[in-house]
Amino acid sequence: MAVKTERSVCPYDCPDCCGLLVEVEKNQVLRVSGDPEHPFTCGTLCPKMNHYERTVHSPRRLTEPLIRCGKKGRGEFRPVSWDEAIDQITAHWRKIIDSFGPEAILPYSYAGTMGIIQRNAGHPFFYRMGASLLDRGICTPAKGAGWEAVMGKTPALHPDEVLHSDLIILWSSNAAATNLHFLHKVKQAKKHGAKVWLIDLYRNQTAGIADRTFYVRPGSDGALALGLMHLVVRNQLCDRDFLTSQVQGFDELEKQILPDYPPEVVSCITGLSITTIEEMAQAYALAQAPFISVGGGVSRYRNGAMSVRCIVALPSLVGAWSKRGGGCFVGTSTGAAFDMSLIERRDLLRGNPRTINMSQLGTALTTLNNPPLKSLYIYHSNPAVVAPDQNQVLEGLAREDLFTVVHERFMTDSARYADILLPAATSLETSDIYRSYGHYCIQRTRPLIAPVGQSKSNREVFTLLAAAMGYDEPCFAQSAEELINDLLAAPSALRQGIDLASFSAGKAVELSWQTVKNSYATASGRIEIFNPALSEQLPCYRPLSDDSYPLQLVTAPALKTLNSTFFERDDLRDATMWLKVHPDEARSRNLEEGQRVTAFNDLGDVDFSLQLDAEVPPGLAVAEGVWWIEFAPGRRTVNSLTSQRLTDLGGGSTFYDNRIEIRGG
Ligand SMILES: Nc1nc2c(c(=O)[nH]1)N[C@H]1C(S)=C(S)[C@@H](COP(=O)(O)OP(=O)(O)OC[C@H]3O[C@@H](n4cnc5c(=O)[nH]c(N)nc54)[C@H](O)[C@@H]3O)O[C@H]1N2
Ligand SMILES: Nc1nc2c(c(=O)[nH]1)N[C@H]1C(S)=C(S)[C@@H](COP(=O)(O)OP(=O)(O)OC[C@H]3O[C@@H](n4cnc5c(=O)[nH]c(N)nc54)[C@H](O)[C@@H]3O)O[C@H]1N2
Ligand SMILES: [Mo]
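Residues numbered from 1 in each chain as written. Chains lettered and ligands numbered in written order. Predicted model: local features only at pLDDT ≥ 70, side-chain atom pairs only at ≥ 80, totals over all residues. Heavy atoms only, no water.

Q: Would you mind showing me how to read the sheet that holds strand β4 (residues 66–68) here?
A: Paired through backbone hydrogen bonds, the strands of a sheet run either parallel or antiparallel to each other. Taken in spatial order, the six strands of this open sheet run β5-β4-β17-β16-β15-β6, and their pairing is mixed. Of all strands in the sheet, those bounded by a partner on one side alone are β5 (77–79) and β6 (105–109). Across the sheet, the mean angle separating the axes of adjacent strands is 20° when strand polarity is ignored. Relative to strand β15 (residues 375–379), β6 runs parallel, the two being bridged by five bridges. What sits directly across from I105, in β15, is S375. Together, β15, β16 (403–408) and β17 (420–423) form the strand contacts of helix α18 (residues 458–469), whose direction differs from that of β15 by roughly 150°. (Pairing = 2+ DSSP bridges. Helix = DSSP H or I, 4+ residues; strand = E, 2+ residues; numbered from the N terminus. Axes fitted to C-alpha atoms, helices over the stretch in contact; angles between N-to-C directions. Contact = heavy atoms within 4.5 Å.)

Q: Sorry if this is basic, but what is going on with the nonpolar core here?
A: One recurring pattern in soluble globular proteins: nonpolar side chains tend to sit buried together. The biggest cluster of nonpolar side chains holds 124 residues, and the ones touching the most others in it are W171, L224 and F250. Ranked by the residues each element gives to this core, the list is headed by helix α8 (residues 221–234), at nine residues. Apart from residues no more than four positions distant in its own chain, F250 is found in contact with V233, C238, R240, L243, L258, L317 and I529. Counting residues in hydrophobic clusters, the runner-up holds 32 residues, among them W93, M129, L348 and V405. (Core = buried A, V, L, I, M, F, W, Y, C linked by side-chain atoms within 4.5 Å. Buried < 20%, exposed > 50% of the residue type's maximum accessible area, 1.4 Å probe, protein only.)

Q: What exactly am I supposed to notice about unusual backbone geometry here?
A: Negative phi characterises most residues that are not glycine, and trans characterises most peptide bonds. Cis geometry marks the peptide bond from N370 to P371, where omega comes out at -10°. Inspection of the secondary structure puts P371 in the loop between α15 (361–367) and β15. Backbone geometry places H380, a non-glycine residue, at a positive phi of 35°. Even without a glycine there, the phi angle at N590 is positive, about 55°. Within the secondary structure layout, N590 lies in the loop between α21 (583–587) and β24 (596–600).

Q: What exactly am I supposed to notice about the packing of aromatic side chains here?
A: A ring pair, where both rings are aromatic, is described by two values, the distance of the centres and the angle of the planes. Here the structure, examined in full by the defined rule, presents 24 aromatic pairs. With a centroid separation of 5.0 Å and an interplanar angle of 90°, the aromatic rings of F125 and F126 are classed as edge-to-face. F125 sits in the buried class, given a relative accessible area of 0%. Both rings, one in Y377 and one in F462, keep their centres 5.3 Å apart while their planes meet at 55°; by these two values the pair is tilted. With a gap of 85 residues between them, Y377 in strand β15 and F462 in helix α18 connect regions that are remote in the sequence. The exposure class of Y377 is buried, given its relative accessible area of 0%. (Phe/Tyr/Trp six-rings, centres within 6.5 Å; stacked < 30°, edge-to-face > 60°.)

Q: Could you clarify how one ought to interpret the layout of surface pockets in this entry?
A: Of the voids in this model, the second largest pocket is the one considered here, and its volume is about 400 Å³. Forming the boundary of the second largest pocket are 23 residues, of which T154, P155, A156, W513 and Q514 lie nearest the centre. By residue class, the composition of the lining of the second largest pocket is 14 nonpolar, eight polar and one charged. (1 Å grid on protein atoms, 1.4 Å probe; cavity = no way out; pocket = protein on both sides within 12 Å on 5 of 7 lines; lining within 4 Å. Points joined across faces, edges and corners; volume = space filled by probe spheres on them. Nonpolar A, V, L, I, M, F, W, Y, C, P; charged D, E, K, R; others polar.)

Q: Any chance you could explain the packing of helix α2 (residues 82–100) against α18 here in plain terms?
A: A pair of packed helices can be characterised by two numbers: the angle between their axes and the separation between those axes. It is at 10 Å that the axes of α2 and α18 come closest, and there the two elements cross at 55°. One way to sum up the angle between α2 and α18 is to call them oblique. Classified by chirality, the crossing of α18 by α2 is right-handed. The residues of α18 that touch α2, namely those facing W82, I86, I89, T90, W93, R94 and I97, are V461, L464, L465, A468 and M469. The class makeup of the residues in the contact of α2 with α18 is 10 nonpolar, one polar and one charged. (Parallel < 35°, antiparallel > 145°, perpendicular 65-115°, else oblique. Left-handed = near helix turned anticlockwise from the far one by under 90°.)

Without other data, these values stay purely geometric and don't point to any function.
Below, the structure is given as structure tokens:
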């Protein structure tokens, strides 16, 4: 049989949503490369996806349904048929529903796949059941809340706007790892003379392309943004016309808040020198079209939404929004491209079940009553390692009276705790539709190979579960392809005029998107620096005020893995799980490069290999990547040190807002 080259999409949780070319021969994926015809990703891939075939055909793939035969968490299983697995699951659920009601069952899913069909496949099922609802806020809802506080529902800029900027600020974004193709645009702008700044905590992989780097104290960015605004006002560099015509509440900010943020104060808060802050304010105000790209970093703190709000307010002072290439970018708004209600089917919801925040799974599993959680259905997520407060999560997962089903591609740490473990198909084995949060392309995929072993897609499993539960609404029997056809039949302004033939053939097509300058989808129709709908009506700075332990732990994304994904690949895992600190921090504790250390706080202990890095400021400890316990030096990974505390708005996670101490291991 000849080798065929087909189009597909990277399914992972990343803004780039890359177009793929996949070479296939007899159900075997031979090679994966970038699709040169993809309008945004233009044929290049990150190191992770360059060999996606190694994930698809990994010897670690789960290939048959398994049932637990050893102690919980040990990962000891024996094979069962799909029929038996489905019978067992639904028999357990019926019993639980009879004794405790459907709220005793909780689905737990996030973003193993971003395809809108497979990602949301369980929603209709669990709504229909009346199971507890999951608030899926583990990523960056605080960033969204900070944006909305100022800009309401205003659609985002096009990322290509950056090509027209003369000053690009990457604010807490390690784009080299997490948004590679946007960085390609930044490099293009740089060739045309744009200056690039990075505002971060330490020298991450993106620092190399920056003309200037500014390393601030964790969680202090709100104060920096207010300090820059203070100086723009003081130096009389405000765009008063813009503020008068397009902005609500600048006077209040100017009178009530900004006087508290002169550079002397901001310098003490952020750790930047007064001169640096003054230079930043001057350069920002004098730029023709300054463009700020806000990463998720600043939002993962207890003051995260407010920090983002302060940053988002900044461009309006200099009227950057009205200039081509100016403004602030927090990700694209493609949610309205498809009618999600057809996929999610909230109309099937039974009763008024409680909502559980996914970042508080540990508490939910160990303390909830009336009813207690008696069953967990985990699919395309790995809470045993990605959720905060790992010790409490594992304590919950170890409960003998918790019936856990996991649908996975690999034997993850969560999978090890399953009572029943179901094999999941990869994105090359299923049908889906993809839209991105970093650009405006959409793409349709079809299976390129048969499912590996007995694996099934998320949607197929819910079809089986629904039939066994006796849920007879027609949607449960619909195939992914049928649902996709329904979605395409439902009109959407964003899809108007797109090239349907190309889309159907699997090519990336761009949604019909346009920038409308000086038009803001807020209650007042203006940019709302003053937002009367919020309890805190003006942006301000809230210090973290936490000195419980001497070091701030930042758990940033790693270049060659994605959350806990790709740890199945020997070629992508780092040699060991590093904790990076400044050499002075090691010296004062008599610790050496490469030695095993234990990081600890009130939540737990985690062993790392110590890496000394003069580019990590004193006072900070950096752990990159969300490792599988199997590959960790000790028995725990980084989320044993992170708390279940939520952000100020949006119910987000606070993964970077944790303090630790370290000792020799
Ligand atoms: N390679 C790779 N790519 C990924 C991921 C991955 O794990 N690996 N994860 C994917 C997912 S799920 C997401 S949500 C996105 C996340 O990607 P982004 O939205 O870009 O956000 P982060 O990468 O989480 O944050 C990046 C930077 O924030 C910095 N930072 C942390 N705290 C602060 C602070 O207080 N102030 C400032 N100024 N900087 C701070 C960190 O040091 C880090 O360099 O990336 C996606 N892409
Ligand atoms: N300490 C710390 N913790 C973090 C973060 C951090 O920066 N630091 N990042 C946080 C962020 S931003 C996020 S978004 C979350 C991500 O949390 P998750 O969404 O849980 O992400 P992953 O770790 O990638 O796990 C996804 C799992 O889904 C499986 N999978 C993939 N495709 C499919 C499929 O089609 N079907 C099924 N059933 N399974 C599939 C994969 O094998 C993988 O094990 O983690 C958060 N946790
Ligand atoms: Mo995320």
